[in-house]
Amino acid sequence: MKNKKYLFIDIDDYHYENRIYQIDSDLYEQYITLLNESKNFKIDVDILRFSKLYGKFDYKISNLFKTIDKFVVYILNLKNLKFLNIHINYRNLLFALLIAEKVKNINKNIFIIFSGQYMKTLDFSEIKIVDYIDFVCTSKSCIQSFCKLNRSKFLKLNKVDTLEKIKFEYKVFDNINLLREVVNIKVGEGCLFNCHYCTFKNFYSRYHQMNFIEIIDIMNKYNLVYGTNRFIFNHELFICDNFKLKNFCYELINNKYIFKWSCSTRIEFLNFENINLLKNSGCDCLFIGLESGSKVTQKKMNKNIKIDNILYTIELLSKSNINAIFSFIYKYPTETREDLIETFKLMFKIKTIEIKNKKSIFMYELSKINFFPNTLITHKYYDRLNFDI
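Conventions used here
Each chain has its residues counted from 1, running along the sequence as written. Confidence filtering applies because this is a predicted model: local features only for residues at pLDDT of at least 70, side-chain atom pairs given and counted only at 80 or more, and all residues used for totals across whole chains, interfaces and linings. Derived side-chain values reflect all non-hydrogen atoms in the structure, with water molecules and hydrogen atoms excluded from consideration. Nine residue types can take part in a nonpolar core, namely buried Ala, Val, Leu, Ile, Met, Phe, Trp, Tyr and Cys, and a core is a set of them joined through side-chain atoms within 4.5 Å. Only protein chains enter the area calculation, which uses a 1.4 Å probe; residues under 20% of their type maximum are buried, those over 50% are exposed, and those in between are partly exposed. Helix numbers and strand numbers start at the N terminus; a helix is a DSSP run of H or I with at least 4 residues, a strand a run of E with at least 2. Between two residues, a contact is recorded if the distance between any of their heavy atoms is within 4.5 Å. Here, a salt bridge means any Lys or Arg side-chain nitrogen found within 4 Å of an Asp or Glu carboxyl oxygen. Pairing between two strands requires that DSSP report at least two bridges joining them. Geometry of aromatic contacts follows a simple scheme: Phe, Tyr and Trp rings, the Trp one being its six-membered ring, pair when their centres are within 6.5 Å, and the pair is stacked under 30 degrees between planes, edge-to-face over 60, tilted otherwise. For helices, the axis comes from a line fit to the C-alpha atoms of the stretch in contact; other axes are also lines fit to C-alpha atoms, and the angle between any two N-to-C directions lies between 0 and 180 degrees. To estimate how far a helix should reach, multiply one less than its number of residues by 1.5 Å.

Turning to the nonpolar core, a few remarks are in order. Within the largest apolar cluster, 62 residues are counted, with the highest numbers of intra-cluster contacts made by Phe 233 and Trp 261. Sorting elements by how many residues they give to this core places helix H8 (residues 212–226) first, with seven residues. Those residues in contact with Trp 261, other than ones at most four positions away along the chain, are Phe 231, Phe 233, Phe 238, Phe 248, Cys 249, Leu 252, Leu 278, Ser 281, Gly 282, Cys 283, Asp 284 and Cys 285. Of all hydrophobic cores here, the second largest spans 29 residues; its members include Leu 98, Tyr 118, Val 130 and Phe 372.

Okay, structure coming up:
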């Protein structure tokens, strides 16, 4: 008798330019954990990325819903599929619901699981009435709740030292090149700030960062097995603890590692000393949330970046050969035309600095404000929201 198939779906890359070379660390750790335990349950574990199928679908973002229909057909043609785990985050919930409903309507015997930290932010009284979702897994990525045949029976698998067993699973991973070329590492969790639009603080009850020795040990093991030398650190505030950052950077520098890595930070945590440390230790890209060039909007968001002080820091960064992605939010509820013009002015100044020094590349990520569950702006403006689906 052939093993049943347990399929993880990553639809975070539904746009061909969106994070194709990244896999969410939460999804990745769930996948690895279950993969290592799969022999105990007689199941085959696999992961399917939306972006891997573009060629098959004649993909067009303007035709996304028809593309999803084709994606569902592809899934249902997979042999022995029994469990479908769709990883959820703030970008893909709508598409996950569409896929799950379509799959269930065609084959009611497929057990559908919604998983991920983001599920913690949702209203479970609403989730329960969605009859095409069989189980919701909101545990941390170090615990994989594997569901058997119904909602009342499930088994929690404790986190195993997956990296110690990774060589044993090499042939399985060999078909998933993106898991080897660039590896996401969850190096911490939690946030020390309380921006009114952000849902990240809802995920965790405390701020925590992994020990620098542990991080480098993980990097070394991936490099040893797969030759991986590029890493993306998943943590909003990796640079905020200057003591830990120095230990990490000096360890990489002193041992002459050739790894390239990137992370997220707030602009306030950067200075002349640690920018040089970042550069010399292999950091080649930073994701920095500025969100607005308006002092008024900064205060309304509770982001509270001192706009007058950041251009000096950006000037330092522009001479370091470290690239940066600066994120901005528009259409904040209180934003005026004058506020938006201030954002454009800041973007222009940043680009002017980049062009002048010609070392680092500065890019922008522009996002329309989203009203995520359990954020302060969602609670404040909920009665005024118009749903467009």
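Turning to the pattern of salt bridges, a few remarks are in order. For the structure shown, the criterion picks out 13 salt bridges. A salt bridge links Glu 354 to Lys 351, with the nearest nitrogen and oxygen atoms 2.7 Å apart. Placement of both Glu 354 and Lys 351 in helix H13 (residues 337–357) is noted, with a separation of three residues, approximately one turn of the helix. Given a relative accessible area of 12%, Glu 354 falls into the buried group. A relative accessible area of 30% places Lys 351 in the partly exposed class. Within the structure, one salt-bridge network assembled from shared partners comprises Glu 315, Lys 319 and Lys 356.

Across the five residues that make up strand S8 (residues 182–186), a large majority, five, are buried. Burial along S8 is two-sided: Val 182, Asn 184 and Lys 186 facing one way and Val 183 and Ile 185 facing the other are all buried. Summarising the sheet, S8 and strand S11 (residues 230–234) pair through five bridges and their orientation is parallel. Bridge pairing in S11 places Val 182 opposite Arg 230.

In this section: the environment of Thr 313. Turning to its location among the elements, Thr 313 is positioned in helix H12 (residues 307–318). Sequence separation between Thr 313 and Phe 269 is 44 residues; the distance between their C-alpha atoms is 9.6 Å. For Thr 313, the residues in contact, after removing those within four places along its chain, are Ile 267, Leu 270 and Ile 275.

Our focus in this paragraph is the packing of aromatic side chains. In the structure shown here, the tally under the stated rule is twelve aromatic pairs. Judged by centre distance (6.2 Å) and plane angle (55 degrees), the ring pair of Phe 193 and Phe 269 falls under tilted. One end of the pair, Phe 193, is in the loop between strand S9 (188–189) and strand S10 (208–209); the other, Phe 269, is in the loop between strand S12 (260–265) and helix H10 (272–280), with 76 residues separating them in the sequence. Seen from their ring centres, Phe 238 and Trp 261 are 5.8 Å apart, and the 80 degrees between their planes marks the pair as edge-to-face.

Within the fold, Gln 298 resides in helix H11 (residues 295–301). On the basis of relative accessibility, which here comes to 1%, the residue Gln 298 falls in the buried class. If we ignore the near neighbours within four places in the chain, the residues touching Gln 298 are Leu 290, Ser 292, Lys 303, Asn 304, Ile 305 and Ile 307.

The next subject is the sheet that holds strand S3 (residues 81–87). Read from one edge to the other, the open sheet built from five strands follows the order S2-S1-S3-S4-S5, with strand pairing classed as parallel. Of all the strands in the sheet, just strand S2 (43–49) and strand S5 (135–137) have a single pairing partner and so form its edges. Across this sheet, the average inter-strand angle for adjacent strands is 20 degrees, counted without regard to direction. Two elements, strand S1 (residues 4–10) and S3, share five bridges in a ladder whose sense is parallel. The residue bridging Leu 7 from the neighbouring strand is Leu 84, located in S3. Along the sheet, helix H4 (residues 93–106) makes contact with S3 and strand S4 (111–115), crossing S4 at roughly 170 degrees.

Next up on the list: H12. Compared with an ideal rise of 1.5 Å per residue, which puts twelve residues at 16 Å, H12 spans 17 Å between its outermost C-alpha atoms and is within 8% of the ideal. For H12, the set of buried residues is Ile 307, Ile 310, Thr 313, Ile 314, Glu 315, Leu 316, Leu 317 and Ser 318. Of the surrounding elements, those touching the buried residues of H12 are H10, strand S13 (283–291), H11, strand S14 (323–330), H13 and strand S15 (362–368).

At Glu 291, a residue that is not glycine, the phi angle is positive and equals roughly 75 degrees. Summarising the element assignment, Glu 291 is placed in strand S13. Owing to a relative accessible area of 7%, Glu 291 belongs among the buried residues under this scheme. Backbone geometry at Asn 321 places phi at a positive 70 degrees, although glycine is not the residue there. Note on placement: Asn 321 falls in the loop between H12 and S14.

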